[in-house]
Structure formats: structure tokens, C-alpha cells
Amino acid sequence: MTAPAAGLRRFLTERPPRPERCELCAVAVPEADHRHLVDTEKRALVCACTPCALLMQQPGAAAGRFRAVPARYLTDPGHRLDERAWEALQIPVGVAFFFRNAALDRLVALYPSPAGATESELDPATWTEVLGGSPLAELLEPDVEALLLRRTDGAFECHLVPIDICYELVGRMRLLWQGFDGGAEARAALDAFFADVRRRARPVDGAGRP
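Sequence order as written defines the numbering, with residues in each chain counted from 1. Local features in this predicted model are restricted to residues of pLDDT 70 or higher, and side-chain atom pairs are both shown and tallied only at a pLDDT of 80 or more, whereas totals for entire chains, interfaces and linings draw on every residue. Side-chain metrics in this entry use all non-hydrogen atoms of the structure; hydrogen atoms and water are not considered.

1. Some details on the environment of E141
Then step 1. In this fold, E141 is placed in the loop between α5 (135-139) and β8 (145-152).
Then step 2. Here's how the labels work: a residue is buried when its accessible area is under 20% of the maximum for its type, exposed when over 50%, partly exposed in between, all with a 1.4 Å probe on protein chains only. Residue classification places E141 among the partly exposed positions, given a relative accessible area of 32%. Going along the chain from the N terminus, every DSSP run of H or I of four or more residues is numbered as a helix, and every run of E of two or more is numbered as a strand.

Below, the structure is given as C-alpha cells:
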């Protein structure tokens, strides 16, 4: 085989996928099961191996730039949402998540869409009125956790979750979304996602303790 032909063959041959790596130390990490950090300067999620994630949990590590995303899932059975409360949030779809941006010192409301994560304006007074009565709002860690809400056929649910799974949901919906309402495949994926969240979530007690 001539050299040009050999080069063309290398070009056409499908290359194996590159392994996922820790973005701090470059060690390979499992693609489907590894920790994430929030880069508070770039407002981005980064992949991390377990030792680096544990290191970033120590006070003062990296001057506070990286914050490890916790793994806790919580729910508050005593807090009830209704149609009036949902309308006050001005979310045009049935799923949204809320987190506190520590650098800007404000709440951010996002919802999945065919274009990715779409931000919705959220008045602080509305947040207090609708969600301030739940201990989940008090337990929420800035930047790394979110309150994940869903409205389905008049039923409402609210969970405190790691923020990385919210962006995982956004990516999944963007990939599967079809037509005006998302389509059957996207709805099935959404149902499965929330079923897993409910399975993981632990209830808080009356004093707001997990």
C-alpha cells in the first residue's frame, strides 16, 4: 500500500472514543460515574476524579474557585405547591430548576428547552412566597445544588438535587425533543428521570433536617 493510501485509511478508520478525564489532574475517570465540580469563575461544570473532588471539599482549596457537587437528594413531603404558585413562577413549561448564584448573590431559574437551558426572570419576592416556606430552600447550597420542580397533570413535586443532574436533564431533553411538546420519547425519558430522583430522595423532617 502506498503512503498516501495508508494515510487515507488511517483518516477513514473510526477512532475509539477518548476516555473521560479529570479536568484537574487528567487521570481517566469512568464516563458514566464520576464526580463534578463547579468552576465558580467560569460558571461551568468540570469532571473530577474522587481524590480531586474530596480535595476541593476542604476549606480554602483552590481559593474557593472549585466547589464539589454534593450527592444528596432531598424532598419535603410537608410542602405543597398548587396552580397559583406555579403561575407565580412564570415558568412556561412543566419542569424547572432554581439555584443560587453566589457570585451574583441572586437566584437563577432555568428550564429545559430544545435550545438548551433557558433562563427565566425570577423576582426574589416570588421565590420567598412560593418556595421560601420549604426547609429545602434553607438547605440549598449555592452554586452546587438546585431545587428541581415538575408539574404533571395538576400534580406538583419539588426536590433538592445535585445541580449536575439538572444539566444532564437539559442535555437529554435537547437531544430527544421533537415537535411542539417534546414527543413521546422525551416524555418517557422525563418520567424515568423523575422516577429515579424520587427513588433517591430522602424526606426532611419537620425541623428541616435530612
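2. Description of the sheet that holds strand β2 (residues 44-48)
Then step 1. The criterion for strand pairing is that DSSP finds at least two bridges linking the strands in question. The 3 strands lie next to each other as β2-β1-β3, forming an open sheet whose pairing is antiparallel. A single partner strand is all that each edge strand has here, and the edge strands are β2 and β3 (66-68). Here the strands of the sheet are splayed against their neighbours by 35° on average, with no regard to which way each runs.
Then step 2. As paired elements, strand β1 (residues 35-39) and β2 share 5 bridges and run antiparallel to each other. Across the sheet, residue R35 finds its bridge partner in β2, namely A48. Interaxial angles span 0 to 180 degrees and are taken between N-to-C directions of axes, which are lines fitted to C-alpha atoms, for helices over the stretch in contact.

3. A short note on the sheet that holds strand β7 (residues 116-120)
Then step 1. Taken together, 7 strands build an open sheet; the order of strands is β7-β6-β5-β8-β9-β4-β10 and the sheet is mixed. Here the strands that pair on one side only, and so sit at the sheet edges, are β7 and β10 (202-203).
Then step 2. Pairing of strand β5 (residues 95-101) with β8 involves 4 bridges; the strand directions are antiparallel. Note that in β8 the partner of A96 across the bridge is L149.
Then step 3. Set on the sheet, helix α6 (residues 163-176) makes contact with β5, β6 (106-113), β7, β8 and β9 (155-162); between it and β9 the angle comes to about 120°.
Then step 4. In this analysis, two residues are considered to be in contact whenever any of their non-hydrogen atoms come within 4.5 Å of each other. Each of β5, β8, β9 and β10 is contacted by helix α7 (residues 183-200), which is oriented at about 125° to β8, the strand it contacts most.

4. Considerations on the pattern of salt bridges
Then step 1. By convention in these notes, a salt bridge is any Lys or Arg side-chain nitrogen within 4 Å of a carboxyl oxygen on Asp or Glu. Under the defined criterion, the tally for this structure stands at 14 salt bridges.
Then step 2. When the shortest N-O distance is used, the salt bridge between R200 and D196 registers 2.9 Å. Residue R200 and its partner D196 are located together in helix α7, separated by 4 residues, close to a single helical turn.
Then step 3. Since its relative accessible area comes to 41%, R200 is described here as partly exposed.
Then step 4. Of the residues examined, D196 reaches a relative accessible area of 28% and is grouped as partly exposed.

5. Digging into the packing of aromatic side chains
What characterises a pair of aromatic rings is the spacing of the ring centres plus the angle enclosed by the ring planes.
Then step 1. Stacked, edge-to-face and tilted labels apply to pairs of Phe, Tyr and Trp rings (six-membered ring for Trp) whose centres lie within 6.5 Å, assigned for plane angles under 30 degrees, over 60, and everything in between, in that order. Going through the model one piece at a time under the given rule, you end up with 4 aromatic pairs.
Then step 2. A ring pair is formed by W86 and F156, whose centres lie 6.1 Å apart and whose planes are at 45°; its orientation type is tilted. Of this pair, W86 sits in helix α3 (residues 83-89) while F156 sits in strand β9, and the two are 70 residues apart along the sequence.
Then step 3. The class for W86 is buried, based on a relative accessible area of 2%.
Then step 4. The interplanar angle of 55° and the centroid separation of 6.0 Å between the aromatic rings of F98 and W127 together place this pair among those described as tilted. Here F98 is found in strand β5, whereas its partner W127 is found in helix α4 (residues 124-131), with 29 residues between them in sequence. Of the two residues, F98 and W127, both sit in the buried class.

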